[in-house]
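Single-letter residue listing:
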Amino acid sequence: MRRNKIEPLQSILNAREQRALLKSKIAGKGYQCVSLSLNVPGFPKSNPSVYYFFKYCLQDLQFTLKSHLVELHNIEAIERCDAAGDFFVTPFTADKLGIIELKQICENFEESHPLGRFIDVDVNDEKGNCISSGKSKLCFYCQVKPAIECRREQAHEMVQLRSLMFSNMRDYCNRQRESLLSKQLASLALKALLYEISLTPKPGLVDRLSNGSHADMNFLTFADSSAAISLYFEELVQAGFAFQDEGYIRALPIIRNIGLRMEAAMFRATGNINTHKGLIFLMGLTLFSCGKLYSSLNQFDPEYFRSIVRDICRDIVKRELKDSKPSNSTHGLTVFQSSGFSGARGEAEGGFRTVFEIGLPYLTKENQLNDTALTQCFLAIASQNMDTNILFRGGQDALKAFQKLCKAALENFTDSNYLEVAEFCRNENISPGGSADLLALSIFFWSVMKFESPFFISPLIQSYDI
Ligand SMILES: [Zn+2]
């Protein structure tokens, strides 16, 4: 539809008039007000890039003002998008600050923002007067002349102005999204570790009240180790976001590189005790693959996630266990050479089959995690997982008997049946550490699927209209 050129201009003027009216109404009640808008040249003045950029600015501005003890009267706040673009206004009280100081805070906010020249924060006093600092902003396009001059002279092509602005806003939103998602996924990973170690009682494993079949570690050793390795969780997600290579197999050295630093941090924190080596591999792979997934999707998709993990770990059992020299001996390799079981590598190569198909269904039906659901999830995993920790310490007969007890305890879930599993682990001096790792992963995926961010996070923005 061809638009009459006068029509948007008139509607923009009308919208601006409405905004002025809103501000004078606030002044009429005796309040000062602060408002946020964006300098978007041309028309229309909003699109998804502009809108989400505005939402981030608004969130940041609100935290900035509150951090200076400015009380925003949110009930009377107005947020809208009209012909003049996205707009927010709210009355406020600031007992400790004069209005000039408040204006200075808003100016600092604009100046310190990487795209501050797109942002307008206005402050009006209780009489409705706009507080001006008299400073002029540089044109964001040429960065030479004052913006007002370039606008008056129509110095730049509208299409170029808008294109530069929208691509900057889109990139800013996508970077913010990546940073917030990385932090929040890292937090969910740490939560999964804390839930797993806190689940009490657990057969053979360290929990809050027992060291299980471990003489050299306790609950606090795991607290130390969890804190030490969690430092790298965010980096793993970001590495997944940044990974552009189509050969997914080339992701493994990147994940291992971070994983090795996590191992060093773990050993330093625990006095050389291996608490989380298997988990570091599995969670490293998981967080990296989450980053890769969220670089193109807005929602967690289990099937797509599993395909990423499978692609990264294609033939890993053959390459790292079957064709490996015995001199590189690890628990996993020793067990593989004596029994043919592939442990964490096999689970990864299969796209976490035990987690998604066996353990996780016991959690997904819950709206809140609880000890019963977590214990059943653990038993389901343990009854089928070829746990290399048990194989290493107890051999195949012990593993078979252990799995059978777990299956019976799951089918007839009573305290005494569950305690029987614990007693067996104590007598055999075995610990299902591999299954505990898969429980932690199940908790993580449950959290990711139920996750609601406490902060605004924009969706992925791929294109924009000029
Ligand atoms: Zn200019």
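Residues numbered from 1 in each chain as written. Predicted model: local features only at pLDDT ≥ 70, side-chain atom pairs only at ≥ 80, totals over all residues. Heavy atoms only, no water.

**Observations concerning the overall build of the chain**
Put simply, the rule is: We count a stretch as a helix when DSSP gives it H or I for four or more residues in a row; a strand needs E for two or more, and each element gets its number in order from the N terminus. Each residue gets one of three labels from its accessible area relative to the maximum for its type: buried under 20%, exposed over 50%, partly exposed in between, using a 1.4 Å probe on protein chains only. By definition, residues are in contact when any of their heavy atoms lie within 4.5 Å. Note on areas: these come from Shrake-Rupley sampling with a 1.4 Å probe, and a residue is covered only by the protein chains present in the view.
From N to C terminus, the chain includes 19 helices and five strands. Of all 466 residues assigned to the chain, the portion counted as buried reaches 49%. Sequence-distant contacts in the chain: of pairs separated by 6 or more residues, those separated by 24 or more amount to 70%. Of the roughly 23,000 Å² that the chain leaves accessible, carbon and sulfur atoms contribute 50%.

**Looking at the nonpolar core**
Stated precisely, the cut-off is as follows: Residue types Ala, Val, Leu, Ile, Met, Phe, Trp, Tyr and Cys, when buried and joined through side-chain atoms within 4.5 Å, form a set referred to as a nonpolar core.
In this structure, Phe233, Met283, Ile312, Phe352, Phe402, Phe444 and Phe445 are the most contacted members of the largest nonpolar core, which totals 86 residues. Residue contributions to this core peak at eleven residues, all from helix α9 (residues 277–294). If near-sequence neighbours (up to four positions away) are discounted, Phe402 is found in contact with Ala382, Ile390, Val421, Phe424, Cys425, Ile430 and Pro432. Within the second largest apolar cluster, 39 residues are counted, among which are Tyr56, Ile99, Phe140 and Ile461.

**Structural notes on the coordination of the zinc ion**
Heads up, the condition is: Each metal's donors comprise the N, O and S atoms found within 2.8 Å of it (within 3.2 Å for Na, K or Ca). Water is not part of the atom list, so some coordination spheres may appear incomplete. Any coordination sphere not matching a tetrahedral pattern (four donors, all angles between 85 and 135 degrees) or a square planar or octahedral pattern (four or six donors, opposite donors over 155 degrees apart, other angles between 65 and 115) is reported as irregular.
Every protein donor of the zinc ion is listed here as Cys139 (SG), Cys142 (SG), Cys150 (SG) and His156 (NE2), and their distances to the metal cover 2.1 to 2.4 Å. Around the zinc ion sit four donor atoms; with metal-centred angles ranging over 104 to 119 degrees, the donor geometry is tetrahedral.

**Notes on the pairing of strand β3 (residues 78–82)**
Our working definition: Pairs of strands are assigned from DSSP output, requiring at least two bridges between the strands.
Direction of pairing for β3 relative to strand β4 (residues 85–93): antiparallel, over a ladder of five bridges. Pairing of Ile78 across the sheet is with Val89, part of β4.

**Some words on the state of the cysteines**
Short version of the rule: A pair of sulfur atoms, both from cysteines and within 2.5 Å, is called a disulfide here.
Under the definition given, this model contains zero disulfides. Not part of a disulfide, Cys425 finds its nearest cysteine sulfur in Cys406, a span of 6.9 Å.

**Examining the domain arrangement of the chain**
What counts here: Where each domain begins and ends follows an automated or database-derived domain assignment.
Splitting the chain by domain gives domain 1 (6–137) and domain 2 (179–450). Here domain 1 and domain 2 have C-alpha centroids that lie 49 Å from each other.

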